[in-house]
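Spelled out, the chains give:
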Amino acid sequence: MNGLNMAAVYVIQTLGSLYLLVVLLRFILQLVKADFYNPLSQFIVRATQPLLAPLRRVIPSAAGLDLASLVLAVLIQMLLMAIIVMLMGYALPNVLQLLVWSLVAVTALFLRVFFFALIISIILSWVAPRSSNPAAMLVQQICEPVMAPIRRFIPPLGGLDLSPIFAFIALRLLDMLLIANLAAATGMPTGLTLAL
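Residues numbered from 1 in each chain as written. Predicted model: local features only at pLDDT ≥ 70, side-chain atom pairs only at ≥ 80, totals over all residues. Heavy atoms only, no water.

**Student:** Go over the overall build of the chain, please, and point to the residues and values.
**Tutor:** Check the secondary structure of the chain and you find six helices and zero strands. Helices (α) and strands (β) of the chain occur, in sequence order from the N terminus, as α-α-α-α-α-α. Over its C-alpha atoms the chain spans a radius of gyration of 18 Å, differing by no more than 12% from the 16 Å that the globule rule assigns to 196 residues. When its C-alpha atoms are laid out on the principal axes, the chain stretches across 60 × 35 × 35 Å. Going through the 196 residues of the chain one by one, you find that 36% of them count as buried. Only carbon and sulfur atoms are counted for the fraction: they give 73% of the accessible area of the chain, which is about 10,900 Å². If you average the places of the 10 positive and of the 5 negative side-chain charges in the chain, the two averages end up 5 Å apart. (Helix = DSSP H or I, 4+ residues; strand = E, 2+ residues; numbered from the N terminus. Rg over C-alpha atoms; globule rule 2.2 N^0.38 Å. Buried < 20%, exposed > 50% of the residue type's maximum accessible area, 1.4 Å probe, protein only. Areas by Shrake-Rupley, 256 points an atom, 1.4 Å probe, with all protein chains shown as cover. Lys, Arg positive; Asp, Glu negative; His and termini not counted. Charge placed at Lys NZ, Arg CZ, Asp CG, Glu CD.)

**Student:** Break down the nonpolar core for me, with residues and values.
**Tutor:** Formed by 46 residues in total, the largest nonpolar core has its most connected members in Ile28, Leu118, Ile142 and Met188. Mapped onto this core, the elements with two or more residues apiece are helix H1 (3-31), helix H2 (39-58), helix H3 (67-87), helix H4 (95-127), helix H5 (134-153) and helix H6 (163-185). The dominant element in this core, judged by the number of residues it contributes, is H4, at twelve residues. (Core = buried A, V, L, I, M, F, W, Y, C linked by side-chain atoms within 4.5 Å.)

**Student:** Tell me what's going on with the environment of Ala73, and back it up with residues and numbers.
**Tutor:** Examined against the element boundaries, Ala73 turns out to sit in helix H3. Through-space distance from the C-alpha of Ala73 to that of Tyr19 is 8.9 Å; in sequence the pair is 54 residues apart.

**Student:** So, the packing of aromatic side chains: which residues are in play, and what are the values?
**Tutor:** Evaluation of the coordinates by the stated rule reveals four aromatic pairs. On the numbers, 5.5 Å between centres and 90 degrees between planes, the contact of Phe115 with Phe116 is edge-to-face. Ring centres of Phe115 and Phe168 lie 5.1 Å apart, and the angle between their planes is 65 degrees; this geometry places the pair in the edge-to-face category. Placement of Phe115 in helix H4 and of Phe168 in helix H6 is noted, with a sequence separation of 53 residues between them. Classification of Phe115 by relative accessible area gives partly exposed; the value is 25%. Ring pairs connect the aromatic residues Phe27, Phe110 and Phe114, which therefore count as one cluster. (Phe/Tyr/Trp six-rings, centres within 6.5 Å; stacked < 30°, edge-to-face > 60°.)

Below, the structure is given as C-alpha cells:
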C-alpha cells in the first residue's frame, strides 16, 4: 500500500469514525432517554437527520429502540470497511462477512462509548461536581443506566461511590470475552476495524 492510499485510509477512518460515533450516540441517547433539548443532543439530531429521515420511513422504532439509527450505524460501518479494504488492496469480502464484521465493530464502539463516558463522569465528579454544563449533564444521563443496577447491589460507602469500578470491570470483561473473541472468530482483520 503506497503513501497516498495510507493517507486516504487515515482520513476515511477518522472522518468515518466520527460520523459513526455521532450516529451511534443518536441511538444511545434515545436508549437512555437523554434530554433531547440539550444543545449537544440537538447537534446530534441535526447531524444525523438527513440520513435517518429516509430510513425511518422503512425501519420503524420497536420497543422504544431507534432501530433506524442502529441500522444506519451498521451500514456506515460496512461502507467504511469496504472502502478501506479496497484502498488496502485486498479483495472485497462478501456482504455477509462485511455485515458480521460491522456488527462486531459497532458493538465494540457501543461499549467504548459507555467506557469513556464513565471516565469523563468520574473526572467531572472531581473537578466540576453538580455541573449544569450541557455536556456534563449528557454524560451523566449516558452513565446512569450502567451504574444504577450496580448501585442497587453496592450502595455508596461513606460518600464514596464504587459503582464506576464495577461498571469498568463489566465493560472490560464484555470487551475481552465477547468482542475480541467475535472479531477473532469471524476473521476480522485488525487493521480494518474502526472501533476496536
